[in-house]
Amino acid sequence: MRRPTRKLNFLIEETICRDLEQLVSPGKRSLVVNEALRKELERIRRKNAVEKLTERSSATEKLSTREIVEGLSGDRSSH
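Here we summarise the structure given alongside this text.

Scoring rules and cut-offs
Residues numbered from 1 in each chain as written. Predicted model: local features only at pLDDT ≥ 70, side-chain atom pairs only at ≥ 80, totals over all residues. Heavy atoms only, no water. Helix = DSSP H or I, 4+ residues; strand = E, 2+ residues; numbered from the N terminus. Rg over C-alpha atoms; globule rule 2.2 N^0.38 Å. Buried < 20%, exposed > 50% of the residue type's maximum accessible area, 1.4 Å probe, protein only. Areas by Shrake-Rupley, 256 points an atom, 1.4 Å probe, with all protein chains shown as cover. Lys, Arg positive; Asp, Glu negative; His and termini not counted. Charge placed at Lys NZ, Arg CZ, Asp CG, Glu CD. Salt bridge = Lys/Arg side-chain N within 4 Å of Asp/Glu carboxyl O.

Looking at the overall build of the protein chain
Alright, step 1. Within the protein chain one finds three helices and zero strands.
Alright, step 2. A globule of 79 residues ought to have a C-alpha radius of gyration of about 12 Å, yet the protein chain, at 23 Å, is considerably larger.
Alright, step 3. Referenced to the eigenvectors of the C-alpha coordinate spread, the extents of the protein chain come out at roughly 60 × 30 × 20 Å.
Alright, step 4. For the protein chain, the proportion of its 79 residues judged to be buried stands at 3%.
Alright, step 5. Roughly 8,100 Å² of accessible area belongs to the protein chain as shown, and the carbon and sulfur atoms make up 56% of that amount.
Alright, step 6. Side-chain charges of the protein chain comprise 18 positive and 13 negative groups, with the mean position of each set lying 8 Å from the other.

What follows is the structure in structure tokens.
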């Protein structure tokens, strides 16, 4: 089953365009560009998530390994 598609108009560098035309057959170009964009967008999402986690971790109280283990032990024994 095909996913819904949408036509976009954007600019790419001439050298990238030439490589795309030389390396990828006309029927496969949209698929290649779509997959490349999907991977790049996922990379951006992960980077943003790491930045948020880093910000939050610096704002939270630091716990020692002992405190973590004691907290986990207490939590496990309550079940």
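Description of the pattern of salt bridges
Alright, step 1. Evaluation of the coordinates by the stated rule reveals seven salt bridges.
Alright, step 2. As a salt-bridge pair, E14 and R18 come within 3.7 Å of each other at their nearest N and O atoms. Taken together, the residues E14 and R18, both in helix α1 (residues 14–23) and four residues apart, mark about one turn of the helix.
Alright, step 3. You can call E14 exposed: its relative accessible area is 51%.
Alright, step 4. We classify R18 as partly exposed; its relative accessible area is 41%.
Alright, step 5. Across the salt bridge formed by E42 and R45, the nearest N and O atoms sit 3.6 Å from each other. With E42 and R45 both in helix α2 (residues 29–59) and three residues apart, the pair spans about one turn of that helix.

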